[in-house]
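Observations on the model geometry
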Amino acid sequence: MSGFERTPDRTAGAGAEAGAGAVTAGSAPGTEPGSEAGAKPAAGSKRGPGAEPRPGSAPGAVERAGRGLAARAAGGALREFLVAAALFWLLPTLGLLVSSFLAPSDLDKGGWWGALTAPSRLTADNYARLLANDTITGSLLNTLAIALPATLLVLVLGAFAGYAFAWLEFPGRDWLFLVVVGLLVVPVQVALIPVSELFGTIGLFETTAGVVLFHTAFGLPFAVFLLRNFFAEIPRELLEAARLDGAGELRLFARVVLPLGGPALASLGIFQFLWVWNDMLVALVFADSANPPVTVALQQQVRQFGNNIDVLAPGAFLSMAVPLVVFFAFQRQFVTGVMAGAVK
């Protein structure tokens with residue numbers, strides 16, 4: 001050998017390393033060098049769109065369809081139950097309506113349901129005789145003369161008091177509001193004797209004004225409680241903006257608060273009107289016996305030795321028709337007012 005040292009062939013080594021790197025870079029992630037491009041993914045990799053769901057994964061289309069069918073069946077059964085309950089609840093009203101169109105002789109022979117199979121037995125003679133009775137027609141007007149003022153007074157006074165308790169600062173506001181809320185639990189029967197003595201002293205006993213004042217006094221606690229809670233939900237920023245524009249408290253109440261409180265006022269008016277129109281106890285005690293409301297007038301029409309159903313049935317249904325018309329006329333406002341404040 002010569003005295004020169006042999007150096008390693010670096011060029012060959014670099015070429016081998018470059019070839020190995022090329023093979024590694026060209027392979028798919030997670031595969032060994034030189035493996036096929038279409039090899040199956042590893043066990044922990046994601047499955048393709050057409051792969052079968054693993055146990056414990058989201059329910060399939062069949063299971064979801066089954067659940068939807070069961071939910072619809074349950075909803076249909078609940079709907080049928082509610083319809084059946086509503087029809088059962090309306091059954092006495094239907095019987096009253098059919099009885100009001102039957103002659104007394106037909107009512108004595110059998111029940112009202114017999115007229116459903118024989119409509120020719122129905123007649124409007126009962127309503128003709130009822131409307132020809134001056135006592136009944138006058139009692140309807142007397143009831144309207146009591147219900148309208150009692151409802152309007154409760155709405156006006158309750159709105160003023162509700163706004164004051166919600167947004168005005170004055171000494172003892174919270175304690176006075178607690179007293180108003182406590183008056184909600186006072187029954188009407190407790191006040192009959194003392195109020196009768198008071199009305200007799202000041203000359204309001206057996207007068208329409210006395211009945212109106214009694215209904216107004218007992219309707220105000222609920223009105224103040226309802227309207228105060230509704231008015232308190234009005235944003236403070238809205239009221240402050242109106243005050244900055246120069247609006248006083250009365251103008252603010254009339255232009256901002258009352259329009260926003262329309263649903264609550266409508267629902268309160270329906271409650272108050274129905275209570276006053278259908279009341280018999282207060283009217284029997286405080287109303288004028290010569291000009292009674294319709295509830296007392298119908299009670300006075302009962303004969304001594306008969307049920308007098310030919311007068312009571314049409315009279316009761318006629319007195320029921322007016323509250324029904326009022327309710328359905330303001331049904332949307334009533335639902336909005338009842339649901340107001342349930343969610344924010």
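Small disclaimer: the values here were computed from a predicted structure and weren't measured.

Criteria and thresholds
Residues numbered from 1 in each chain as written. Predicted model: local features only at pLDDT ≥ 70, side-chain atom pairs only at ≥ 80, totals over all residues. Heavy atoms only, no water. Salt bridge = Lys/Arg side-chain N within 4 Å of Asp/Glu carboxyl O. Buried < 20%, exposed > 50% of the residue type's maximum accessible area, 1.4 Å probe, protein only. Axes fitted to C-alpha atoms, helices over the stretch in contact; angles between N-to-C directions. Helix = DSSP H or I, 4+ residues; strand = E, 2+ residues; numbered from the N terminus. Parallel < 35°, antiparallel > 145°, perpendicular 65-115°, else oblique. Left-handed = near helix turned anticlockwise from the far one by under 90°. Contact = heavy atoms within 4.5 Å. Nonpolar A, V, L, I, M, F, W, Y, C, P; charged D, E, K, R; others polar. Patch = residues over 30% accessible without salt bridge, like charges linked within 9 Å, V, L, I, M, F, W, Y side chains within 5 Å. Areas by Shrake-Rupley, 256 points an atom, 1.4 Å probe, with all protein chains shown as cover. Polar contact = N/O pair within 3.5 Å; in protein donor to acceptor, adjacent residues only side chain to side chain. Expected span 1.5 Å × (residues − 1). Phe/Tyr/Trp six-rings, centres within 6.5 Å; stacked < 30°, edge-to-face > 60°. pLDDT = per-residue confidence, 0-100.

With respect to the pattern of salt bridges
Tallying each qualifying case throughout the model produces four salt bridges. Across the pair Arg173 and Glu169 runs a salt bridge, and its minimum N-O distance is 3.7 Å. Overall, the relative accessible area of 69% leaves Glu169 in the exposed class. Among the ionic pairs, Arg173 bridges to Asp174, the shortest N-O distance being 3.7 Å. Arg173 sits in the buried class, given a relative accessible area of 16%.

Notes on the packing of helix 6 (residues 173–182) against helix 8 (residues 208–231)
Where helix 6 meets helix 8, the closest approach of the two axes is 8 Å, and the angle between their N-to-C directions is 130°. Considering the angle they form, helix 6 stands oblique to helix 8. The two elements helix 6 and helix 8 cross, and the hand of that crossing is left-handed. Contact with helix 6, carried on its side by Phe177, Val180 and Val181, involves Pro221, Val224, Phe225, Arg228 and Asn229 of helix 8 and no other residues of that element. Taken together, the residues of the contact of helix 6 with helix 8 sort by class into six nonpolar, one polar and one charged.

Digging into the packing of helix 10 (residues 249–260) against helix 11 (residues 262–278)
Where helix 10 contacts helix 11, the axes come no closer than 4 Å and their chain directions differ by 65°. Where helix 10 abuts helix 11, its residues Leu258, Pro259 and Leu260 lie against Gly262, Pro263 and Leu265. The class makeup of the residues in the contact of helix 10 with helix 11 is five nonpolar, one polar and no charged.

Considering a nonpolar patch on the surface
Together, Phe170, Leu176, Val179, Leu183, Leu184, Val185, Val186, Val190, Phe222, Phe225 and Phe271 make up an exposed nonpolar region whose accessible area comes to about 950 Å². For the nonpolar patch, the secondary-structure elements that each account for two or more residues are helix 6 and helix 8. For Phe170, a relative accessible area of 31% translates into the label partly exposed.

Here's the deal with the side chain of Ser319
Relative to the helices and strands, Ser319 resides in helix 14 (residues 309–329). From its side chain, Ser319 meets the backbone oxygen of Ala316 in a polar contact 2.8 Å long. Sequence-distant contacts of Ser319, that is, excluding residues within four places in its chain, are made with Trp277, Val294 and Leu298.

Notes on helix 10
In an α-helix, one full turn covers 3.6 residues, which means residues spaced three or four apart are oriented alike. The end-to-end C-alpha distance of helix 10, which contains twelve residues, comes to 15 Å, matching closely the 16 Å that a straight helix rising 1.5 Å per residue would cover. Buried-residue contacts for helix 10 involve helix 5 (134–167), helix 8 and helix 9 (236–244).

A word on the packing of aromatic side chains
Taken as a whole and judged by the stated rule, the model has 13 aromatic pairs. Look at Phe165 and Phe177: their rings are 5.5 Å apart centre to centre, the planes differ by 55°, and that puts the pair in the tilted class. On the criterion of sequence distance, the pair formed by Phe165 in helix 5 and Phe177 in helix 6 is long-range, its members being twelve residues apart. Given the relative accessible area of 8%, Phe165 is considered buried. For Phe177, a relative accessible area of 13% corresponds to the buried category. Relative to Phe286, the ring of Phe199 lies with its centre 5.6 Å away and its plane at 70°, an arrangement referred to as edge-to-face. With Phe199 in helix 7 (residues 188–202) and Phe286 in helix 12 (residues 281–286), the pair connects residues that are 87 residues apart, well separated along the chain. Neither residue differs from the other here; Phe199 and Phe286 are each classed as buried.

Some words on the confidence of the model for the chain
For the chain, the average pLDDT comes to 78, and 74% of its residues sit at 70 or higher. Within the chain, the element-level pLDDT minimum falls on helix 1 (residues 10–26), averaging 42, and the maximum on helix 8, averaging 93. Low pLDDT (under 50) marks residues 1–51, which in the prediction has seven contacts with non-local residues, meaning those over four places away or in another chain.

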